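Reading the structure
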Amino acid sequence: MKTPAAENLGLSARYAFRELRGGLKGFRIFVACLILGVAAIAGVGTLASSINEGLRANGKVILGADIDVRLTARPATDEQLNWLEQQGTVSSLIVMRAMVHAPAVDMRLLGELKSVDDAYPLYGNLTIRSAEGVHIGSPNEFLRYDQLAHGALVEQLLLDRLGLDIGADLIIGDQRFYISGVIEREPDKASQGMALGPRVIISDAAMKDTGLIQPGSLLKYHYRVKLKEDLSIEDFRELAAAEQTDAGWRITDSNNGAPGIKRFVDRVAMFLTLVGLTALVVGGVGVGNAVRSYLDGKTETIATLKCLGASSGFIFRIHYFQVLVLALVGSTIGVVLGVGGAYVASQFLAQALPVPAVVTLQVAPILLAVAFGLLTATLFAIWPLARARETSAAALFRDFAGQKKWPKPFFQFMTALSFILLIGLAIGTFNEKFFAVAFVLAALVVFAVLYLVGVAVQAVAKRAPRSRMPILRLAVANLHRPGAATASVVLSMGLGLTLFVTVALIEGNLREQVQDQLPENAPAFFFIDIQNDQLAEFKSVTSSIDGVSDINHVPNLRGRVVSVNGVPASEVKISSDVKWVLRGDRGLTYSREIPVNATIVDGQWWPEDYSGPPLISLSEDAALGMGIGVGDTMTINVMGREITATIASLRKIDWSTLAINFVIVFDHHTLAAAPHSHLATAKAEDSSERDLFRTVTSSFPNISVVRMKEALQTVSKILEQLSSAVTATASVTLISGILVLAGAFAAGHRKRVYDSVVLKVLGATRKDIFRIFILEYALLGFVTSLIAAGTGWLAAYIVITDVLEANWINLPFTVLGTIAVSVSITILFGLFGSWKALGEKPAPVLRSE
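Residues numbered from 1 in each chain as written. Predicted model: local features only at pLDDT ≥ 70, side-chain atom pairs only at ≥ 80, totals over all residues. Heavy atoms only, no water.

Focus: a nonpolar patch on the surface
A contiguous nonpolar surface patch, about 410 Å² in accessible area, is contributed by Phe419, Ile420, Val437, Leu441 and Leu444. Those elements that place two or more of their residues in the nonpolar patch are α13 (409–428) and α14 (433–463). For the nonpolar patch, the leading source of residues is α14, giving three residues. (Patch = residues over 30% accessible without salt bridge, like charges linked within 9 Å, V, L, I, M, F, W, Y side chains within 5 Å. Areas by Shrake-Rupley, 256 points an atom, 1.4 Å probe, with all protein chains shown as cover. Salt bridge = Lys/Arg side-chain N within 4 Å of Asp/Glu carboxyl O. Helix = DSSP H or I, 4+ residues; strand = E, 2+ residues; numbered from the N terminus.)

A look at the packing of aromatic side chains
Across all of its chains, the model carries 11 aromatic pairs by this definition. Where Phe527 meets Phe538, the ring centres are 5.1 Å apart and the plane angle is 65°; that geometry is what we call edge-to-face. Taken together, the residues span a long stretch of sequence, with Phe527 in strand β13 (residues 525–530) and Phe538 in helix α17 (residues 535–543) at a distance of 11 residues. Considered together, Phe527 and Phe538 belong to a single accessibility category, that of buried residues. When the ring of Trp793 is compared with that of Tyr797, the centres are 5.2 Å apart and the planes differ by 10°; the resulting orientation is stacked. Placement of both Trp793 and Tyr797 in helix α23 (residues 766–803) is noted, with a separation of four residues, approximately one turn of the helix. You can call Tyr797 partly exposed: its relative accessible area is 33%. Above the plane of the ring of Tyr123 lies Lys226, whose end atom (NZ or CZ) is 5.2 Å from the centre. (Phe/Tyr/Trp six-rings, centres within 6.5 Å; stacked < 30°, edge-to-face > 60°. Buried < 20%, exposed > 50% of the residue type's maximum accessible area, 1.4 Å probe, protein only. Lys NZ or Arg CZ within 6 Å of the ring centre and 35° of its normal.)

Considerations on the pattern of salt bridges
All told, the structure shown has 14 salt bridges when counted by the stated rule. Residue Glu186 is joined to Lys114 by a salt bridge in which the shortest nitrogen-to-oxygen separation is 2.5 Å. Note that Glu186 is positioned in the loop between β9 (175–185) and β10 (199–203) and Lys114 in strand β3 (residues 107–116), a separation of 72 residues in sequence. The exposure class assigned to Glu186 is buried, which follows from its relative accessible area of 9%. Residue classification places Lys114 among the buried residues on the basis of a relative accessible area of 0%. Note that Asp550 is salt-bridged to Lys683, the shortest N-O span being 3.7 Å. Note that Asp550 is positioned in strand β14 (residues 548–564) and Lys683 in strand β22 (residues 677–684), a separation of 133 residues in sequence. Linked through salt bridges whose partners overlap, the residues forming this network are Asp68, Lys114, Glu186, Asp188, Arg199 and Arg224.

Some points on the nonpolar core
Ranked by size, the top nonpolar core spans 64 residues in total, and within it Phe30, Leu277, Val291 and Phe372 carry the most contacts. In this structure Phe372 touches Ile41, Leu277, Leu280, Leu422, Leu425 and Ala426, once residues within four positions along its chain are discounted. Leu113, Ala206, Leu231 and Ile233 belong to the second-largest nonpolar core, a separate cluster that totals 43 residues. (Core = buried A, V, L, I, M, F, W, Y, C linked by side-chain atoms within 4.5 Å. Contact = heavy atoms within 4.5 Å.)

Thoughts on the side chain of Arg199
Considering the arrangement of structural elements, one finds Arg199 in strand β10. A polar atom in the side chain of Arg199 sits 3.1 Å from the side chain of Glu186. (Polar contact = N/O pair within 3.5 Å; in protein donor to acceptor, adjacent residues only side chain to side chain.)

As for the environment of Arg161
Structurally, the position occupied by Arg161 is in helix α5 (residues 156–162). The exposure class assigned to Arg161 is partly exposed, which follows from its relative accessible area of 44%. Taking C-alpha positions, Arg161 is 9.2 Å from Met107, a pair spaced 54 residues apart along the chain. Setting aside chain neighbours within four positions, we find Arg161 in contact with Met107, Leu109 and Pro198.

Quick word on the side chain of Ser677
Mapped onto the elements of the fold, Ser677 is located in strand β22. Leave out the neighbours within four places in its chain, and Ser677 touches Gly216, Ser217, Asp529, Ile530, Gln531, Val554, Pro555 and Asn556.

Considerations on a negative patch on the surface
A cluster of acidic residues, Glu229, Asp230, Glu234, Asp235 and Glu238, forms a negative patch on the protein surface. Mapped onto the secondary structure, Asp230 falls in the loop between β11 (220–227) and α7 (233–243). A relative accessible area of 65% means that Asp230 is categorised as exposed. (Lys, Arg positive; Asp, Glu negative; His and termini not counted. Charge placed at Lys NZ, Arg CZ, Asp CG, Glu CD.)

Thoughts on the packing of helix α4 (residues 78–87) against α7
Close contact between α4 and α7 brings their axes to 12 Å; oriented N to C, the two are set at 155°. The orientation of α4 with respect to α7, classified from their angle, is roughly antiparallel. Note on packing geometry: the crossing formed by α4 with α7 is right-handed. Facing Trp83, Leu84 and Gln87 of α4, the residues of α7 in contact are Phe236, Leu239, Ala240 and Glu243. Taken together, the residues that form the contact of α4 with α7 break down as five nonpolar, one polar and one charged. (Axes fitted to C-alpha atoms, helices over the stretch in contact; angles between N-to-C directions. Parallel < 35°, antiparallel > 145°, perpendicular 65-115°, else oblique. Left-handed = near helix turned anticlockwise from the far one by under 90°. Nonpolar A, V, L, I, M, F, W, Y, C, P; charged D, E, K, R; others polar.)

What follows is the structure, encoded as structure tokens:
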């Protein structure tokens, strides 16, 4: 037997569905706003989850093993290698950067060199294109020694840059090679990190013949382990922690074979999801407008139901059921479009991903997107629904839109609860809590500012002196009349434009500094792996070239932070922006003097003849991120030896100059005797760059040369790709704002018709009314764009100067373009929504009133 409450709910649902049979008139913008926001969140979440699932499922292939043990600048000892072999099958690799010389064309370029043994790859297969066709499997037959030269596999990029083909000769270090094939797909490439040049794969025997393995050279030794069947990854880690405490190696396992890619995917997904949520909240304004507009058209029906005895709760339930049904419909369509969009995006990303881009239905991001959609709809619908519930029948018959009565405390509480749940869900579902909280707070501040600006515009318009120009007077009056869309337009368009301006200014500043500002001050070349016995000759050769200046060199070592103040590095509480300091190997140097472009901000530099206990100078940013300072200690593993050093000073480093700087600098006494190489930079006039490059690469085959212009172009290309993705996502917010704008004008259509008719009766022509509307929309768009441009400029300025600590570059055309776009869009949609009102005949409208 049904209870009265169940019967009431059932009756409310029946009435709700009966009214929905009449179509979605009044709710189209409502549904469109939800579709857009939910699609963005579902699409980003589905794509990110699918990529991460692919990374997990293919972890062994991506890493090339169950376990990867890495050492920098030194190989494993025989004892360590024997221990690894006891745990399973071992494959050893050496990875480094080296100059590749093509004698046929007398050209050189920087390549990513990798030597492999006969067991490589332990998992997965190389895809190789040779003169005989495509080969999938082991590369051994392509790396054999043949006719006084070793075989080498190269990427197509190397052939394109050097103008070579399969079979051509290469010289790497002291050894000649022949190109035996082209690498079509390298399964473990993603685990090797960022590449500055095309890949070259050679045998381990060939690597020894190159002469590149020298003390202090920047080589990474990888020992890949395919574990025995009875040994798990967790067991291996426990054994290593217990039996190899002094190994000083870095262990990566197949559970996260490409940590860099996963971090990047997670962070980009988090940012884009938050942008999608912003678009959804902007759309929430449209939801509120749509509900108010719908109720405005239902005033007579609601008043009639109340006169016939319907309770306020019954009225509320009818329309809340409609909101929920339409929210579910919009969210469902949004999920379908989002998953479809993720599939399309995966096809474009297929070549850039280390795993097949297989998009599957991911329950978590879909449920999250639907939850965001329903909460947003509830948050923005409760208030107008509650006001309709509390308004008397007599007031509804008179004019619902003019009522300003607040709903009862229960509905105020429900609105606040929906808001808290929405914010809590946004923050609670992301790992980077600080970033999520900062983003949400910034969005709330901008939201509040824009709302207050909208209210202020209405207040100023209401109190402004009456113009003698009738058209201007009427346009200003329209900004503050009852039911005006001023606040909604400023809020919806303003938030989207603010985000758009912020992204555009940040991207523009980074692009300008990378492409135009940095090259003016940056060195022309970085020189890597200069041996101690080569340093004097290197300085002599480079300084003798006309147009070459500012030759700067420093010792270069690699080390890994083991602990801070005795706390293991993995347990140190550290801010997210400097986590990289404790992640893996870091560049180290030693110096008697304060490095160039660095300023001591705390403590003192050691004397030039210092010979006491180990001391270091740490960058100020790293110290702040770890919460440490002068007097604290850091233990650093250098070449297998753990050195505990006291922080003697903190330095502020100007990284923008691209001069040689290190986060950690040791005193001269501690590391001078350690095997190491040198790193150098040099500036060169445009006419001298070619001579400098050819002279160094021909005189010192082991020295790797990084041309800064090419490196900056690589960085610039990455920035452009990221900017395009972020700008496209920010555009979703702008589109959502435009939908809300259209909805706001549509909601005021009845008022526009009435105003137009009254003006016509009073003698105004259609042209006069048209000009009034244009002026009103232009004023509204101009104010909105000014606020959005100013807020976006401030947000971008803070990010560039405080977060990225870079110089600010004004980009006035970006701001002016925003203003022009805002005014144009507002006028266009305003006139589109009002055009029909201009053509209404007075008699029918006045009779209906």
